[in-house]
Structures are given as C-alpha cells and as structure tokens.
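Results of the structural survey
Residues per chain are reported as follows:
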Amino acid sequence: MSLFDLFGKKTPGGAVAKHAARLADKRSMTPDRWEAIQALVKIDSEEAIAAMLPRFTYYGDPTITDHEEKETIFNAIVAKKHLAEAPLRRFIAKSESMSWPLKALEQILPSEDVLLLLIELLSKMDTEYERDPQRKLQILAELEQRTGAGIVAAVQPFFEDVNETARFHALGAALAQPDASQAEEALRKALAREDSMRVKSKVLEGFAKRGWSIEASAAGKLPDGWFLDGGQPKRR
C-alpha cells in the first residue's frame with residue numbers, strides 16, 4: 001500500500017508526510033521510527049492516523065521493540081475514537097495485514113459493524129486461483145472466530161474455493177454458526193467432493209457436534225481416526 005493510497009490524491013506536506021515516509025520504511029532505524037510515532041500521535045487528523053497504520057504491515061527487530069511500537073500505535077489510534085474510523089476502514093479494505101487494524105476498529109465500533117465490513121470485503125472476492133490469497137484467508141479465518149447473521153451465506157461460495165486453507169476456514173466458519181443448518185446440504189456436498197483430509201476432519205467434527213448423519217456412500221474416504229456409526233461420524 002503506497003502513501004498515495006493512504007492519503008488520497010496527493011500526499012500532504014509538512015510533518016505528517018515526513019514522519020509517514022520514515023515510519024512506512026522498515027529499514028528505518030528504531031530511534032527514527034519512535035520519533036515519527038511520537039510526533040504522529042500528537043496530531044489529531046485522519047492523515048496522521050493513516051500515516052501510522054503501515055507500521056502494522058511489517059516486523060521489526062528485536063521482537064520486543066516491534067511489539068512496543070505496534071502497541072503504542074494501537075493505543076493511540078483507539079484513543080482517537082471515531083476520528084480513526086475512516087482511516088481504519090480504508091486501510092483494512094486494501095492492506096494484506098489487517099489483524100491489528102481490525103482489533104483497533106473493534107474498540108471503536110460495535111462488533112456487528114465490524115462483521116458487516118468483513119462480509120462486504122469477502123463479497124468482492126472469488127474462489128478462483130490467486131497468487132497471494134492472504135487477504136481472503138485472513139477474512140475467512142476472522143469469520144470462523146465470530147458468530148453473526150450473514151456469515152453462513154457469505155462463506156458458502158468458498159466451500160468450493162481452489163485454495164484448501166480457504167475451504168478449511170469457510171467450512172469452519174459456517175459450522176460455527178447457530179444457523180449452520182441453512183448450509184447443511186451444501187456442507188454434505190462439500191464433504192463428498194473434498195479430497196483434503198484436514199478439511200474433511202473439520203466437517204466431520206461439525207457434523208458430530210450437531211448430531212448430523214452422513215450417508216457412507218457420500219462421505220468418501222474418511223480421515224484416519226474417523227468412522228461412521230449408523231451414519232453418525234465418530235472418532236475411534
């Protein structure tokens with residue numbers, strides 16, 4: 001993500017631009033990054049908040065310093081409350097590293113609003129091959145950790161994703177929902193065509209937990225340690 005993307009049509013002049021460039025460069029010296037962070041924290045503007053967000057996209061050395069820098073930025077952004085909402089939304093919409101920004105946004109907005117954002121972002125993605133699917137995988141993994149209206153429908157297309165990890169999280173997200181029964185038949189079909197034993201185990205665990213039965217002819221080869229008892233999946 002470039003500084004152009006963060007700030008709009010033109011990069012702002014003055015202190016924000018100077019410190020933004022320094023903080024976005026992972027080769028910057030630690031004292032220079034700290035100086036940039038401390039300066040940007042004191043500026044109450046969306047541009048200053050946007051300038052701090054790229055620090056979440058790379059790891060610094062040593063690890064303890066890396067965490068301190070990110071935690072300082074996180075706390076500063078959360079303290080700015082709704083001034084930070086728009087920069088966080090823009091960043092999450094484009095960045096491949098969204099863990100820290102998502103946590104910050106959830107401190108500012110209700111969880112339901114964050115969930116709607118994740119579902120909206122996922123709706124713009126597809127199930128075909130892509131060289132770097134990290135954004136999609138992060139969103140699906142996030143949805144697997146949440147419950148809420150719309151998740152089952154949002155992740156169902158990704159039961160057929162070409163990426164095995166995407167299928168793993170999509171199926172897990174659906175099975176984690178109270179209304180997972182909406183996708184029961186789709187889940188059975190996913191199990192029948194699945195060739196990844198890891199993914200199959202995920203589905204079988206969900207079926208076992210819910211007491212759903214499976215036709216032996218539709219289950220295909222089962223992962224090690226699993227068997228069907230009258231159609232009920234069980235572990236040995």
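This structure is a prediction, so every number in the text was calculated from the model and none was measured.

1. Quick look at the overall build of the protein chain
Of the regular secondary structure elements, the protein chain holds 14 helices and 2 strands. Within the protein chain, the fraction of its 236 residues that count as buried is 45%. Once local pairs closer than 6 in sequence are excluded, the contacts in the protein chain between residues at least 24 apart make up 59%. For the protein chain, the computed accessible surface area is about 12,100 Å², with 50% contributed by carbon and sulfur atoms. Computed over 34 positive and 36 negative side-chain charges, the inter-centroid distance for the protein chain is 1 Å.

2. Some remarks on helix H12 (residues 184-193)
Since the α-helix advances by 3.6 residues per turn, residues separated by three or four positions end up pointing in the same direction. Within H12, the full set of buried residues consists of Glu184, Ala186, Leu187, Ala190 and Leu191. Mapping the buried residues of H12 onto a view down its axis gives an arc of 160°, with all of them on the same face. Looking at the buried side of H12, the elements it contacts are helix H11 (164-175), helix H13 (197-210) and helix H14 (216-219).

3. What about helix H6 (residues 85-94)?
Looking at H6, one finds that the buried residues are Pro87, Leu88, Phe91 and Ile92. The buried residues of H6 occupy an angular sector of 125° when the element is viewed end-on, so they sit on one face.

4. Considering the pairing of strand E1 (residues 226-229)
With 4 bridges joining them, E1 and strand E2 (residues 232-235) adopt antiparallel strand pairing. Within E2, the position partnered with Phe227 by the bridge is Lys234.

5. Some words on the confidence of the model for the protein chain
For the protein chain, the average pLDDT comes to 93, and 94% of its residues sit at 70 or higher. Scored below 50 in pLDDT, residues 7-13 shows 10 contacts in the model against residues more than four places distant or in partner chains.

6. A closer look at unusual backbone geometry
Following Asp61, the chain continues into Pro62 via a peptide bond in cis, with omega recorded as 5°. Residue position: Pro62 is located in the loop between helix H4 (46-52) and helix H5 (63-79). Even without a glycine there, the phi angle at Lys81 is positive, about 50°.

7. Some points on the nonpolar core
The biggest cluster of nonpolar side chains holds 65 residues, and the ones touching the most others in it are Ile77, Leu122, Leu143, Val155 and Phe159. Aside from chain neighbours lying at most four places away, what touches Val155 is Leu122, Leu140, Leu143, Ala170, Ala173 and Ala174.

8. Description of the environment of Asp195
Inspection of the secondary structure assignment puts Asp195 in the loop between H12 and H13. Along the chain, Asp195 and Lys221 lie 26 residues apart, while their C-alpha atoms are 8.4 Å from each other.

9. A few points about the pattern of salt bridges
Throughout the structure, instances matching the rule amount to 23 salt bridges. The partner of Arg90 in a salt bridge is Glu46, and the shortest N-O contact between them spans 3.3 Å. In this pair, Arg90 sits in helix H6 while Glu46 sits in helix H4, placing the two residues 44 residues apart along the sequence. What makes Arg90 partly exposed here is its relative accessible area of 38%. The partner of Glu69 in a salt bridge is Arg55, with the nearest N and O atoms 2.6 Å apart. With Glu69 in helix H5 and Arg55 in the loop between H4 and H5, this residue pair connects regions lying 14 residues apart in the sequence. Assessed through its relative accessible area of 0%, Glu69 is described here as buried. It is possible to trace a salt-bridge network through shared partners that takes in Arg33, Arg55, Asp66, Glu69 and Lys70.

10. Let's talk about the packing of H6 against helix H7 (residues 99-108)
Where H6 meets H7, the closest approach of the two axes is 10 Å, and the angle between their N-to-C directions is 145°. Judged by the sense of rotation from one axis to the other, the crossing of H6 with H7 is left-handed. Across the interface between the two elements, Glu85, Leu88, Arg89, Phe91 and Ile92 from H6 touch Pro101, Leu102, Ala104, Leu105 and Ile108 from H7. When its residues are assigned to classes, the contact of H6 with H7 shows 8 nonpolar, no polar and 2 charged.

11. Re the packing of aromatic side chains
Within the structure shown, the criterion is met by 3 aromatic pairs. Relative to Trp100, the ring of Phe56 lies with its centre 5.6 Å away and its plane at 5°, an arrangement referred to as stacked. Taken together, the positions of Phe56 in the loop between H4 and H5 and Trp100 in helix H7 put the pair 44 residues apart, joining distant regions of the chain. Across this residue pair, the class does not change: Phe56 and Trp100 are buried.

The rules behind each value
Residues numbered from 1 in each chain as written. Predicted model: local features only at pLDDT ≥ 70, side-chain atom pairs only at ≥ 80, totals over all residues. Heavy atoms only, no water. Helix = DSSP H or I, 4+ residues; strand = E, 2+ residues; numbered from the N terminus. Buried < 20%, exposed > 50% of the residue type's maximum accessible area, 1.4 Å probe, protein only. Contact = heavy atoms within 4.5 Å. Areas by Shrake-Rupley, 256 points an atom, 1.4 Å probe, with all protein chains shown as cover. Lys, Arg positive; Asp, Glu negative; His and termini not counted. Charge placed at Lys NZ, Arg CZ, Asp CG, Glu CD. Arc of directions from axis to C-beta. Pairing = 2+ DSSP bridges. pLDDT = per-residue confidence, 0-100. Core = buried A, V, L, I, M, F, W, Y, C linked by side-chain atoms within 4.5 Å. Salt bridge = Lys/Arg side-chain N within 4 Å of Asp/Glu carboxyl O. Axes fitted to C-alpha atoms, helices over the stretch in contact; angles between N-to-C directions. Left-handed = near helix turned anticlockwise from the far one by under 90°. Nonpolar A, V, L, I, M, F, W, Y, C, P; charged D, E, K, R; others polar. Phe/Tyr/Trp six-rings, centres within 6.5 Å; stacked < 30°, edge-to-face > 60°.

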